[in-house]
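# A closer look at the structure
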Amino acid sequence: MSPDVVFGYAPGKVILFGEHAVVYGQPAIAATIDRGIRVAVSQGAHDDGPIMRSNGAGLPMRAKPDPHGDGPQALREALATVVQLQGVRAKRLSFTVDAEIPAGAGLGSSAALAIALLRGTAQYFGEPALDFDTLVKRAFVIERVFHGNPSGVDHATIAHGGCVVYQRDVGADTFAVSALVLKRRLRLAVGIAGPHAGTKSAVAALRDRATRHPAHYQRIYDSIGDIARAARGHLADGALGAVGELMDLNHGLLNALGVSTPAIEALVSIARDRGALGAKLSGAGGGGAVIALVDDDPAPVVSAFEAAGFAAFATQIDQPASQETA
Ligand code: PMV
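Figured I'd write up the structure that's included with this text. (Residues numbered from 1 in each chain as written. Predicted model: local features only at pLDDT ≥ 70, side-chain atom pairs only at ≥ 80, totals over all residues. Heavy atoms only, no water.)

### So, the site of the ligand
- Among the 16 residues in the neighbourhood of the ligand, the closest are listed as K13, H20, S151, T199 and A284.
- H20 is positioned with one of its backbone polar atoms (N or O) 2.8 Å from an oxygen atom of the ligand.
- For the ligand, an oxygen atom lies 3.2 Å from a polar atom in the side chain of D154.
- With the chains in place, 97% of the 370 Å² that the ligand exposes on its own is no longer accessible.
- Contributions of two or more residues to the shell around the ligand are made by β1 (5-17), α4 (153-160) and α5 (199-212). (Near = heavy atom within 4 Å. Polar contact = N/O pair within 3.5 Å; in protein donor to acceptor, adjacent residues only side chain to side chain. Areas by Shrake-Rupley, 256 points an atom, 1.4 Å probe, with all protein chains shown as cover. Helix = DSSP H or I, 4+ residues; strand = E, 2+ residues; numbered from the N terminus.)

### Overview of the sheet that holds strand β8 (residues 278-282)
- Taking strand neighbours across the sheet as the criterion, the 4 strands line up as β8-β9-β7-β10 in an open arrangement whose pairing is antiparallel. Whereas interior strands pair on both sides, the edge strands pair on one side only; in this sheet they are β8 and β10 (311-317). Geometrically, the sheet is characterised by an average inter-axis angle of 25 degrees between neighbouring strands, direction not taken into account.
- As judged from the 6 bridges shared by strand β7 (residues 186-192) and strand β9 (residues 289-294), these two strands associate in the antiparallel manner. Within β9, the residue paired with A189 across the bridge is A292. (Pairing = 2+ DSSP bridges. Axes fitted to C-alpha atoms, helices over the stretch in contact; angles between N-to-C directions.)

### As for the packing of aromatic side chains
- According to the stated counting rule, one finds 3 aromatic pairs in the structure shown.
- Relative to Y221, the ring of Y24 lies with its centre 4.5 Å away and its plane at 15 degrees, an arrangement referred to as stacked. Here Y24 is found in the loop between β1 and β2 (28-43), whereas its partner Y221 is found in helix α6 (residues 214-237), with 197 residues between them in sequence.
- A centroid spacing of 5.6 Å and a plane angle of 80 degrees characterise the contact between Y124 and F125, whose relative ring orientation is edge-to-face. (Phe/Tyr/Trp six-rings, centres within 6.5 Å; stacked < 30°, edge-to-face > 60°.)

Rendered as structure tokens:
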């Protein structure tokens with residue numbers, strides 16, 4: 001007999017280094033954060049498609065494409081994909097989503113939702129926990145509904161957990177992900193520069209700009225890759241001052257790529273004024289999250305973000321207790 005309700009959880013993520021360049025085969029460094037998305041899975045009232053409610057909007061949404069539906073089409077398609085992946089019995093499920101991260105802010109909300117849905121559904125049906133490869137493969141199918149052809153960094157990071165180095169082999173359409181063991185805990189202030197216009201359109205617009213000056217853009221992608229490789233060593237050594245400097249450099253290159261905005265620049269300069277070790281946009285840009293690395297308490301930077309009218313929170317990136325040294 002199925003349980004009354006089970007919960008699937010997945011954390012959000014930040015990209016510390018390498019967004020956009022990762023699409024073209026450069027390494028990225030990303031990490032899960034201590035807030036995410038929880039999905040309660042229970043038996044629905046009918047079996048013509050799963051229902052999804054959010055703790056905020058509370059609107060039911062059928063997975064069946066419905067011209068009079070009350071939710072975004074992509075979410076309905078994502079639910080239909082969950083049914084394809086997890087079997088028709090998923091049609092009779094009801095999902096209630098509890099999100100601690102905003103959507104469309106570069107914090108991995110769609111990948112976290114996909115993974116929380118997959119974990120929760122498997123658990124509801126009493127299946128063994130999905131292994132990493134299966135989770136990544138299935139989450140990618142759902143991510144493609146939201147993002148077209150993403151690099152895969154979001155859902156691979158979220159499925160893996162912790163801080164990782166992610167790199168795709170563009171030609172072979174494969175990827176490698178490995179844990180990056182941090183010598184010191186990372187303390188971050190996160191400010192939200194408003195919703196972004198979507199990862200898909202940010203990546204497409206950049207691709208379009210790059211076709212007019214391909215050699216120049218390629219050099220920027222290569223430089224971002226070099227910065228990510230250098231940052232990997234500094235993160236492993238706990239040299240957070242150098243990590244912050246490289247975040248600033250990475251941000252300057254993202255600005256050169258045209259994915260920053262005045263609101264993002266305002267957040268970055270507030271963070272630097274308040275003594276952050278470094279700050280950069282995180283994710284697709286055009287809005288979304290700015291991350292600021294601090295060496296102590298993120299609260300003053302968070303308060304400064306809020307005083308300027310931005311939503312903000314503190315988060316930290318930890319190692320499992322066995323690996324922790326700071
Ligand atoms: O979806 P976001 O905002 O976390 O951006 C993902 C990172 C990009 O490099 C911009 C896109 C991708 O597919 O890797």
